[in-house]
Amino acid sequence: MSIPVGHYQYDRIDRDFLQARIAEFEGQVQRRLDGTLSEDEFKPLRLMNGLYLQLHAYMLRVAIPYGILDSRQLRKLGEIARRYDRDYGHFTTRQNIQFNWIRLEDTPAILRELAEVDMHAIQTSGNCIRNVTADEYAGAAADELVDPRVHAEILRQWSTLHPEFTFLPRKFKIAISGSPNDRVAARFHDIGILARPGEDGAPVFRIFVGGGLGRTPVIGEELFDSVREEHLLATLEAILRVYNAHGRRDNIYKARIKILVQAIGVEAYREAVEAELAQMDLERYRLTPEAVAAIRSRFAVPLLEAPADADAVLAQQRREDPLFDRWVRSNTHVHRDPGHIIATISLKPAGGIPGDATSAQIARLADLADAYSFGEIRITHLQNVVLGHVRKDRLRDLWLGLSEVGLAEANIGLIGDIVACPGLDYCALANARSIPIAQKLGARFADTALQAEIGALRINISGCINACGHHHAGHIGLLGVDKRGEEFFQLTVGGRAENGAAIGTILGAALPEDETVDAIARLVDCYLGRRESGETFLDTLTRLGHEPFREAAYETV
Amino acid sequence: MKLFELGERTAQVHDVLVTLAELAERDDARAVLLESADDPALLKPYLNRLDLVVLRFPIFRDGRGFTQARELREYLRFSGEIRAEGHILPDQAAFLRRCGVDSVVLPKDGNGDPALWEKQLRQFPVAYQRSVLPERSVGPGLRVEEAP
C-alpha cells in the first residue's frame with residue numbers, strides 16, 4: 001500500500017493498538033449490559049470513544065485527525081452512512097464527522113469497519129484531550145510558514161490514552177496552525193499553537209492558553225512566544241498538569257482551563273507552568289528530531305507537476321464562463337505552487353443543512369479527490385471540504401463534476417456559508433432548533449450574485465448557550481433561547497475567529513425565528529447602503545459602531 | 001480490604017494511616033492518606049519516614065490522583081508504595097500503573113473483580129507517550145513499551 005498524501009500512515013503497531021482499543025470498548029459495553037458498570041460509570045467511558053446519547057438515538061463521532069482523510073477512508077465513511085445511518089453524515093466544526101442515528105449494538109461493528117481504514121472514534125468526546133485540529137490549507141497555502149500536520153500527528157499520538165490526562169476537569173481542545181493567517185481559531189481553544197520556522201531549521205511554537213467559546217467566551221492569552229520543538233511535549237504536559245491539579249471540579253460550567261486562567265491570571269499560570277518545567281526531567285519528555293523525522297516519513301508529499309500554461313488555461317476559462325468565475329472567486333485559495341490551486345467545496349447549499357453530506361455525495365467527493373487532488377480530502381472547521389492540490393488547468397473539470405452532485409455552491413466565506421450546531425433537532429441540551437433558521441437564511445440569500453455583492457460575512461448559529469455553533473465568533477451570531485416555550489434568537493455582531501479575534505456583542509432583545517431572518521436582512525441592507533468602497537461588513541461595523549445596525553435590526557419591532 | 005498489585009512492589013498493610021494534617025503530630029506514622037485536593041509537595045519533610053502514600057479517589061472521574069502520583073514519583077522521588085483507593089475502575093489500571101501507582105484497594109462491587117484488573121493491565125501492547133516507568137522505544141516515533 002502506498003503512503004497517503006497529507007496524513008500519517010499507520011503501521012502494524014498502530015493497527016494492533018486500535019484493535020486493542022476496540023476490544024476494550026466491547027468489554028465495556030458488555031459490562032454495562034451485564035450490570036457490572038453503572039450508567040454513571042459507563043457514560044464517560046463511552047464518551048471518550050465518541051458515543052453520545054442524543055434526543056432520539058445514539059450518535060457516533062468519528063475522529064478525522066487534523067481534518068485530513070484519504071479517499072479510501074472517505075468512501076468507508078460513506079458506506080457507514082449508508083449501512084448504519086440514514087444515508088448521510090454530518091461534518092463538524094472540529095473537522096470530525098458524526099453519524100446521528102446509530103444503534104448501540106452496531107457500534108463495535110462500525111468501529112471494526114473504521115479500523116479497516118485506520119480510523120477510530122478515540123477521544124472525540126469526554127473530559128480528555130480531544131481530536132487535534134489544524135489549518136485546512138496545511139501544506140498547500142502560499143501564505144504558510146510551517147506545515148503543522150506532522151506536529152498535529154505528534155500531538156494526536158501523545159494525547160492518545162494519556163495516563164495522566166484522561167480524567168481532566170473538562171474537555172480539552174488543541175488547534176495548531178503554521179500560517180500567519182489564523183485559520184484554526186487558535187485563540188478560541190484551550191491551547192492554540194502557531195508554528196513558525198526557528199533559527200536551526202526546526203519550528204518554534206507560540207502557545208496561547210485559556211481561550212474558548214461556550215457559556216463564557218474568552219480570547220486565549222499568550223503563554224509563551226517561542227517554545228522550541230524539543231520542549232513542545234514537556235510544555236504541554238506542564239500546562240495540562242497545572243490544569244488537572246487546579247481546574248475546578250465542583251461546577252462543570254466553571255471547569256474549563258479558561259476559567260482557571262481567568263481566575264489566577266495568565267502571569268500566575270505561566271509561573272505555575274514554569275515551576276512544573278523546572279521540576280520535570282526534560283530529557284524524558286524531549287521530542288527528539290529523530291522521532292519527528294520518523295513520523296514525518298510516514299506522510300507522503302504530493303508531486304506537484306503542472307503544464308506551463310495551467311494558469312493561462314484557467315484564466316481563459318474564467319473569462320468564458322462567468323458562473324465558473326464566480327465559484328473560483330469565492331471557493332479557491334492561492335497554492336504555494338503557481339500551477340496549482342486550493343479548492344473549497346461548500347457543504348452549504350441554499351436551503352440545505354450546513355455540514356451534511358449524503359453517502360452519494362461522499363462517494364463522489366472521494367472519486368473527485370482521486371482524480372484531482374492525490375486522493376487527499378480535508379474537512380474544515382467551517383464544515384466544508386477542501387481539495388488541497390488541484391491543477392489549475394483541471395479546476396473547471398472538477399467544478400463540473402461537483403455540479404453534478406449539487407456541490408458547486410459558490411459561497412465560501414460569504415453569507416450563505418453558515419455554521420450551525422445540530423440544535424434541538426438532535427441535541428438534548430438545545431433550547432432552539434438551529435437548522436431551520438439556517439435553512440431559511442440560506443434560502444433568503446440563495447442568489448450567489450447577491451452573496452458575492454455582500455462579500456465576506458460569517459453567520460454562526462448556536463441552539464443554546466453551550467455555543468457549539470460558535471455564535472460568539474460570528475460576524476453575525478445567533479443564539480437560540482427559549483422564551484416560555486417559544487424559540488427566540490439573540491443577535492450578536494462583530495465577533496471574529498480569524499486574526500484579531502473578538503467576541504461579538506449583543507445587539508438587542510431576542511426575536512422569534514422569522515423576525516430574526518428579517519432583522520438580518522435589514523442588517524445586511526444597512527451595511528450595503530452605508531459601506532464605503534472596499535469595506536467588508538466588519539469594516540463598516542467598526543467604523544459606524546453598533547447603533548445604526550441596532551436601529552436597522554429592530555426597525556419594525 | 002482486598003488489595004491488588006499493579007506492579008512489582010508488594011503491597012504492605014499498615015495499622016496507622018493518618019491524614020496530611022495529622023502527619024506532623026504523629027511521629028510513628030509510616031502511611032498517609034492524601035485527598036484529591038491535597039498538594040503532594042507538602043509531604044516533602046516526611047518522605048524519609050513514609051512507606052506508603054494512599055491516594056483517595058472520591059469518584060473515578062476525578063483525575064487529580066494521576067497527577068499526584070506523578071508528582072510523588074517525578075518531583076519528590078518518592079520510592080515507597082503508592083496506593084489508590086475509593087471509587088476507581090479497572091479501566092484505569094494501566095493509567096494508574098503508568099503514573100506510578102503500585103496497588104489498589106479493590107472496589108467492593110463488580111468493579112473489584114481481580115480478573116478485570118489483570119486484563120486491563122495487559123490491554124495495550126504499546127503507549128504513545130512516556131510514563132514514570134522504565135520504557136524502551138517500539139518502532140520509529142513516540143511509541144514505547146515497558147522495559148523488562
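Scoring rules and cut-offs
- Residues numbered from 1 in each chain as written.
- Chains lettered and ligands numbered in written order.
- Predicted model: local features only at pLDDT ≥ 70, side-chain atom pairs only at ≥ 80, totals over all residues.
- Helix = DSSP H or I, 4+ residues; strand = E, 2+ residues; numbered from the N terminus.
- Rg over C-alpha atoms; globule rule 2.2 N^0.38 Å.
- Buried ≥ 20, exposed ≤ 12 C-beta atoms within 10 Å, placed from the backbone.
- Pairing = 2+ DSSP bridges.
- Axes fitted to C-alpha atoms, helices over the stretch in contact; angles between N-to-C directions.
- Contact = placed C-beta atoms within 7 Å.
- UniProt positions renumbered as here; feature names shortened; annotations may be inferred.
- Core = buried A, V, L, I, M, F, W, Y, C linked by C-beta atoms within 7 Å.
- pLDDT = per-residue confidence, 0-100.
- Expected span 1.5 Å × (residues − 1).
- Domains from an automatic or database assignment.
- Nonpolar A, V, L, I, M, F, W, Y, C, P; charged D, E, K, R; others polar.

**Student:** Hey, could you run me through the overall build of chain A in this one?
**Tutor:** Check the secondary structure of chain A and you find 19 helices and 21 strands. Here chain A has a C-alpha radius of gyration of 23 Å; the compact-globule value for 557 residues is 24 Å, and the two agree. Each principal axis of the C-alpha distribution contributes one length, and for chain A these read about 60 × 60 × 50 Å. Here chain A holds 557 residues, and 57% of them are scored as buried.

**Student:** Got a minute to help me understand the overall build of chain B in this structure?
**Tutor:** A count of helices and strands for chain B gives three helices and eight strands. Ordering the α and β elements of chain B from the N terminus gives β-β-β-β-α-β-α-β-α-β-β. Taken against the 2.2 N^0.38 rule, which gives 15 Å for 148 residues, the C-alpha radius of gyration of chain B at 15 Å falls within 12% of a compact globule. Based on the C-alpha atoms only, the size of chain B along its principal axes is roughly 50 × 35 × 25 Å. Burial analysis of chain B (148 residues in total) assigns 39% to the buried set.

**Student:** I tried to follow the sheet that holds strand β2 (residues 58-62) of chain A on my own but got confused; where do I start?
**Tutor:** Each strand in a sheet pairs with its neighbour through backbone hydrogen bonds, running either in the same direction (parallel) or in the opposite one (antiparallel). Residues and elements named next belong to chain A. With antiparallel pairing, five strands are arranged side by side in an open sheet as β1-β2-β5-β4-β13. Among the strands making up the open sheet, the edge pair consists of β1 (51-53) and β13 (356-358). Between one strand axis and the next, the sheet turns by 30 degrees as a mean value, whatever way the strands run. Alignment of strand β4 (residues 88-91) against β13, held across three bridges, turns out to be antiparallel.

**Student:** What is the right way to look at the interface of chain B and chain A in this model?
**Tutor:** The parts lose accessible area when they come together, and the size of an interface is often stated as this lost area. Across the boundary between the two partners, chain B contributes 31 residues, which contact 34 residues of chain A. Examining the composition of the side of chain B that touches chain A, we find that six residues originate from one element, helix α1 (residues 64-75) of chain B, more than from any other.

**Student:** Can you walk me through helix α5 (residues 149-159) of chain A in this structure?
**Tutor:** Owing to its 3.6 residues per turn, the α-helix brings residues three or four apart onto one side. Residue and element names in this part refer to chain A. Most of α5 sits inside the fold, with 11 of its 11 residues counted as buried. Arg149, Val150, His151, Ala152, Glu153, Ile154, Leu155, Arg156, Gln157, Trp158 and Ser159 are the residues of α5 that are buried. Summarising the contacts, the buried residues of α5 are in contact with β3 (68-70), β6 (133-134), β7 (174-177), β8 (191-197), α6 (232-246) and α10 (289-296). At the exit of α5 stands Leu161, carrying a positive phi of roughly 45 degrees.

**Student:** Got a minute to help me understand the environment of Lys76 of chain A in this structure?
**Tutor:** All names here are of chain A. On the secondary structure map, Lys76 appears in helix α3 (residues 71-84). With 283 residues separating them along the chain, Lys76 and Ser359 place their C-alpha atoms 9.7 Å apart. Here Lys76 is in contact with Glu113, Leu114, Glu116, Val117 and Met119, once residues within four sequence places are set aside.

**Student:** How do you make sense of the sheet that holds strand β5 (residues 81-86) of chain B when you look at a structure like this?
**Tutor:** All names here are of chain B. Strand order in the open sheet formed by six strands is β1-β6-β5-β4-β3-β2, with mixed pairing between adjacent strands. Two strands close off the open sheet at either side, each with one partner strand: β1 (3-5) and β2 (18-19). Summarising the sheet, β2 and strand β3 (residues 31-34) pair through two bridges and their orientation is parallel. Within the sheet, the bridge partner assigned to Thr19 lies in β3 and is Leu33.

**Student:** Explanation requested: the UniProt feature "domain: Nitrite/sulphite reductase 4Fe-4S" (unreviewed entry) in chain A in the structure shown.
**Tutor:** Residues and elements named next belong to chain A. In the UniProt entry, the feature "domain: Nitrite/sulphite reductase 4Fe-4S" (unreviewed entry) is given for residues 125-278 and 418-553. Across residues 125-278 one finds 31% helix and 18% strand; the C-alpha atoms that close the span lie 32 Å apart. With 37% helix and 19% strand, the stretch residues 418-553 has end C-alpha atoms that lie 19 Å from each other.

**Student:** What exactly am I supposed to notice about the nonpolar core here?
**Tutor:** Side chains that are nonpolar tend, in soluble globular proteins, to be buried together. In terms of nonpolar packing, the biggest core is built from 198 residues, with Val62, Ile176, Ile193, Val209, Ile239, Ala343 and Leu523 of chain A touching the most fellow members. Beyond its immediate stretch of four places on either side in the chain, Val209 of chain A contacts Ile191, Gly220, Glu221, Leu223, Ile239, Ile257, Val261 and Tyr269 of chain A.

**Student:** How should the environment of Ala109 of chain A be read in this particular structure?
**Tutor:** Looking at the element boundaries, Ala109 of chain A is found in helix α4 (residues 107-116). A tally of 14 C-beta atoms within 10 Å means that Ala109 of chain A is categorised as partly exposed.

**Student:** How should unusual backbone geometry be read in this particular structure?
**Tutor:** When glycine is set aside, most residues are seen to have a negative phi, and most peptide bonds are trans. Positive phi is not limited to glycine here, since Gln95 of chain A has a value of about 65 degrees. In this fold, Gln95 of chain A is placed in the loop between β4 and β5 (97-102). On the basis of neighbour count, Gln95 of chain A is assigned to the buried category, with 26 C-beta atoms found within 10 Å. For Arg77 of chain B, which is not a glycine, the phi torsion comes out positive at approximately 55 degrees. Looking at the secondary structure, you find Arg77 of chain B in the loop between α1 and β5.

**Student:** Can you help me understand the confidence of the model for chain B in this one?
**Tutor:** Close inspection of predicted coordinates is inappropriate for parts of the model with low pLDDT. Here chain B averages 95 in pLDDT, and 100% of its residues register 70 or above. The ipTM value of the predicted complex is 0.98, and its pTM value is 0.96.

**Student:** Whenever I open this one, helix α1 (residues 12-33) of chain A confuses me. Can you help?
**Tutor:** Residues and elements named next belong to chain A. Between its first and last C-alpha atoms α1 spans 32 Å; for 22 residues at 1.5 Å apiece the expected length is 32 Å, and the two agree. Residues Asp14, Phe17, Leu18, Arg21, Ile22, Phe25, Gln28 and Arg31 constitute the buried set of α1. For α1, the secondary structure elements touched by its buried residues are α2 (39-47) and α4. Looking at the residues trailing α1, positive phi occurs at Gly35, about 90 degrees.

**Student:** Please explain the pairing of β8 of chain A as it appears in this structure.
**Tutor:** Across a regular strand the side chains alternate sides, sitting on one face of the sheet and then on the other. Residues and elements named next belong to chain A. In terms of residue burial, β8 counts as a mostly covered element, since five of its seven residues are buried. Bridge count between β7 and β8: four bridges; the pairing is parallel. From the neighbouring strand, Ile174 faces β8, where its bridge partner is Ile191. As defined by bridge partners, β8 adjoins strand β9 (residues 203-209) across seven bridges and the pair is classed as antiparallel. Opposite Pro197, over in β9, you have Pro203 as the bridge partner. Following β8, the chain reverses through five residues before pairing antiparallel with β9; Gly201 in that reversal takes a positive phi of roughly 95 degrees.

**Student:** Just checking my understanding: could you explain the domain arrangement of chain A for this structure?
**Tutor:** All names here are of chain A. Domain annotation of chain A identifies domain 1 (12-116), domain 2 (133-296), domain 3 (310-404) and domain 4 (419-553). Computed from C-alpha atoms alone, the centre-to-centre distance between domain 1 and domain 2 is 26 Å. Taken residue by residue, the interface counts seven residues in domain 1 and eight residues in domain 2. Its residues assigned to classes, the side of domain 1 that touches domain 2 shows four nonpolar, two polar and one charged.

**Student:** Help me understand the environment of Arg318 of chain A, please; the structure alone is not making it clear to me.
**Tutor:** Residue and element names in this part refer to chain A. Mapped onto the secondary structure, Arg318 falls in helix α11 (residues 310-320). Between the C-alpha atom of Arg318 and that of Arg329, which follows or precedes it by 11 residues, the distance is 9.6 Å. In this view, Arg318 contacts Phe324, Asp325 and Val328; residues no more than four positions away in its chain are not counted.

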